[in-house]
Amino acid sequence: MKRARRFFINSLILACSAVFMRAVGVAFNVYITNRVGAEGIGLFGLIMSVYMLATTIASSGVNLAATRLVTEELSRGCPGGTKKAMLRCLCYSACFGLTAACLLLAFAPQIGTHWLCDTRTIRPLYLLAFSLPCISLSAAMSGYFVAVRRVAKSASAQIFELLVKISVTVFALRLFVGRGIEYACIAMVGGGSVAEICSCLYLYLFYRHDRRRYSDSLNCSRGYTRRLLSISLPVAVSAYLRSGLVTLEHLLVPIGLKKYGASASASLAQYGVVHGMVMPVLLFPSAILTAFSGLLVPELTELQTQQKARGINRIAERAFRTTLLFSIGAAAIFFAFAYPLGEALYHSGDAGLFIKLLAPLVAVMYMDGVTDAMLKGLNQQVYSMRYNIIDSAVSVALIYTLLPRFGVNGYVAVIFATELLNAFLSMNRLIQVADFSLSIKKDILLPMLAAGLSVGFVYLAADCFGGVTAEPICLILCIAAAILLYPALLYASKNL
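What counts and how
- For every chain, the first residue of the written sequence is number 1, and numbering continues from 1 onward in sequence order.
- Totals for whole chains, interfaces and linings use every residue, but because this is a predicted model, local features are given only for residues with pLDDT of at least 70 and side-chain atom pairs only at 80 or more, for both listing and counting.
- Side-chain measures here rest on the full set of heavy atoms in the structure, leaving out hydrogens and waters.
- Numbering goes from the N terminus for both helices and strands, where a helix is a DSSP run of H or I of at least four residues and a strand is a run of E of at least two.
- As a reference, a globule follows 2.2 Å times the number of residues to the power 0.38, and the radius of gyration itself is taken over C-alpha atoms.
- Only protein chains enter the accessibility calculation, which uses a 1.4 Å probe; a residue whose area is less than 20% of its type maximum is buried, one above 50% is exposed, and one in between is partly exposed.
- The contact rule is simple, with two residues in contact once any of their heavy atoms fall within 4.5 Å.
- Here, Shrake-Rupley sampling with a 1.4 Å probe gives the accessible areas, and only protein chains in the shown set may cover a residue.
- Note on charges: Lys and Arg go in the positive column, Asp and Glu in the negative column, and His and the chain ends are not counted at all.
- Where a charge lies is defined by one atom per residue type: Lys uses NZ, Arg uses CZ, Asp uses CG and Glu uses CD.
- Two distance rules govern patches: like charges are joined within 9 Å, and nonpolar side chains (Val, Leu, Ile, Met, Phe, Trp, Tyr) within 5 Å, applied only to residues with over 30% relative accessible area and no salt bridge.
- By salt bridge we mean one thing: a side-chain nitrogen of Lys or Arg within 4 Å of a carboxyl oxygen of Asp or Glu.
- Axes here refer to lines fitted to C-alpha atoms; in helices the fit is confined to the stretch in contact. Angles between the N-to-C directions go from 0 to 180 degrees.
- Here is the rule for handedness: rotate from the far helix to the near one, and if that takes an anticlockwise turn smaller than a right angle the crossing is left-handed, while a clockwise turn gives right-handed.
- Working rule for angles: under 35 degrees goes down as roughly parallel, over 145 as roughly antiparallel, 65 to 115 as roughly perpendicular, anything else as oblique.

Q: An account of the overall build of the protein chain is requested, with residue identities and associated values reported.
A: Helix and strand counts for the protein chain come out as 18 helices and 0 strands. Computed over C-alpha atoms, the radius of gyration of the protein chain comes to 23 Å, within 12% of the 23 Å expected from 2.2 N^0.38 for 496 residues, which places it in the range of a compact globule. Seen along its three principal axes, the alpha-carbon backbone of the protein chain occupies a region of about 70 × 60 × 40 Å. Among the 496 residues that make up the protein chain, the fraction classed as buried is 53%. Excluding contacts between residues fewer than 6 apart, the proportion of contacts in the protein chain whose partners are at least 24 apart in sequence is 84%. Just so you have it, the protein chain exposes about 21,900 Å², and 67% of that area is on carbon and sulfur atoms. Seen as two clouds, the 42 positive and the 23 negative side-chain charges of the protein chain have centres 10 Å apart.

Rendered as structure tokens:
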């Protein structure tokens, strides 16, 4: 009971902080879009694709390694070993973070000129490099706090980082107002870099204080470096390949749209609508699941270390079913309220159209994220990364083939195909490792019926008062009503 209560409290802390950050993030994204436009968001998205590759090199799997090593030491009754494990993790982080920073500083001109094909990205890339060592160190310390189940400290660091980022970015945008898209990107990138550095210092102070509770122990485990490398390096190599493919994928999208016939400005704008405007909205509810799934990693690792197969199967089954219920409801709400959401947030019919087109995929994306977390907790991270690499490779091939012929519609088809492929492979592996089964009727069809009835009833009721509109109060009330109706119908059907 104590363990369940601790898991619930930590999940609640992470969920509340994640929802708050996602809500503020979406609102901030709306502000940024209104300031720099779809083209500016598209250019910023290209810079971020390189940034994701750089952060992958900087962190190199240290977050998962720190979580697993510390959890293993605690489950073996050797709390003093956490200090030794974390010392290796922090040294590993510093090494890879500095290496990534030096590489980006050295190759920023070539990346901006030849990869991104836009010299306006060079100076923002220089700014990004300075935050990479801090990102790597923060990843290790965040993994530590997840392992010791004191996530409030890492959650507060994330909130602090977000507030610093918004403050610095807004100030910089006002300072550079009227100087063009390049300076807008410098403002956004600079705000993020300053925030990462401040967050790292903030998190380190908490870590220094927290580690005092663990005294040095005798007869602790050995081979920390070997165990660290055995976890992190396979993840790192796989992540390099996958991140490189994802970066190539993002670079090919504007190129493919231009080949289809769109101008350079229009192709960046279309790319910005999908990735900079629509995807943050669709992924907003997943903040709750991200908090929940992140805590599954140490729980499953501890059960695996103690060889408790029944506990693993029970947790995996409950997590899978809970995620299905949640994600099906979210998908129905996005599908039903797509156009009002697009108008209310971005004053854009295109944004509403893409929200509606991609809404059915929401359930698959959410399920895939939670499944990946469970695979990592069960030491199946190599399989998880293998499937991600397959997904990215197929995506690159399809983008190169379909976008010049079908434009943005082809891109939507690519997203569907690759997300479904990745989710199928990951879920199939989880079912093999954790022995559980699902009922098509109870776990999929009945929740879909309940979700459809909930949004349908809301639309019928709203028609009596003028229909669902993009007015914020009307839209919030309608979505809230659907959110309340959905679990009520699940409960009535004895499926909650």
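Q: Give a description of a nonpolar patch on the surface that names residues and reports values.
A: There is a patch of nonpolar side chains on the surface, built from Leu105, Tyr126, Phe130, Ile197 and Leu201 and spanning about 450 Å² of accessible area. Locating leucine 201 in the fold gives a position in helix α7 (residues 181–210).

Q: Give a description of the pattern of salt bridges that names residues and reports values.
A: Taken as a whole, this structure holds 8 salt bridges when the rule is applied. Aspartate 210 is paired through a salt bridge with arginine 150; the nearest N and O atoms lie 2.8 Å apart. In this pair, aspartate 210 is assigned in helix α7 and arginine 150 in the loop between α5 (132–147) and α6 (151–175), connecting sequence segments 60 residues apart. In this structure aspartate 210 comes out as buried when scored by relative accessible area, which is 0%.

Q: Break down unusual backbone geometry for me, citing the residues and quoting the values.
A: Although it is not a glycine, serine 60 sits at a positive phi angle of roughly 50°. Among the secondary structure elements, serine 60 is positioned in the loop between α1 (2–59) and α2 (62–75). Overall, serine 60 belongs to the buried group, its relative accessible area being 1%.

Q: Summarise the packing of helix α11 (residues 309–336) against helix α18 (residues 472–492); cite the residues concerned and give the values.
A: Axis separation between α11 and α18 bottoms out at 11 Å; the angle between their running directions is 140°. Taken as a pair, α11 and α18 cross one another with a handedness that is right-handed. Within the contact between the two elements, α11 uses Leu325, Ile328, Gly329 and Ile333 and α18 uses Ile479, Ala482, Ile483, Tyr486 and Leu490.

Q: Could you give me a rundown of the environment of isoleucine 166, with the residues and numbers involved?
A: By the element assignment, isoleucine 166 lies in helix α6. With sequence-adjacent residues up to four places away left out, isoleucine 166 is seen in contact with Val24 and Phe28.

Q: Account for the packing of α2 against α5, naming residues and giving values.
A: Contact geometry of α2 with α5 gives a least axis separation of 7 Å together with a crossing angle of 30°. The angle between the axes of α2 and α5 places the two elements in the roughly parallel class. Taken as a pair, α2 and α5 cross one another with a handedness that is right-handed. Within the contact between the two elements, α2 uses Val62, Asn63, Ala66, Thr67, Val70, Thr71 and Leu74 and α5 uses Ser136, Ala139, Ala140, Ser142, Gly143, Tyr144, Val146 and Ala147.

By themselves, these observations are geometric and do not establish any function.
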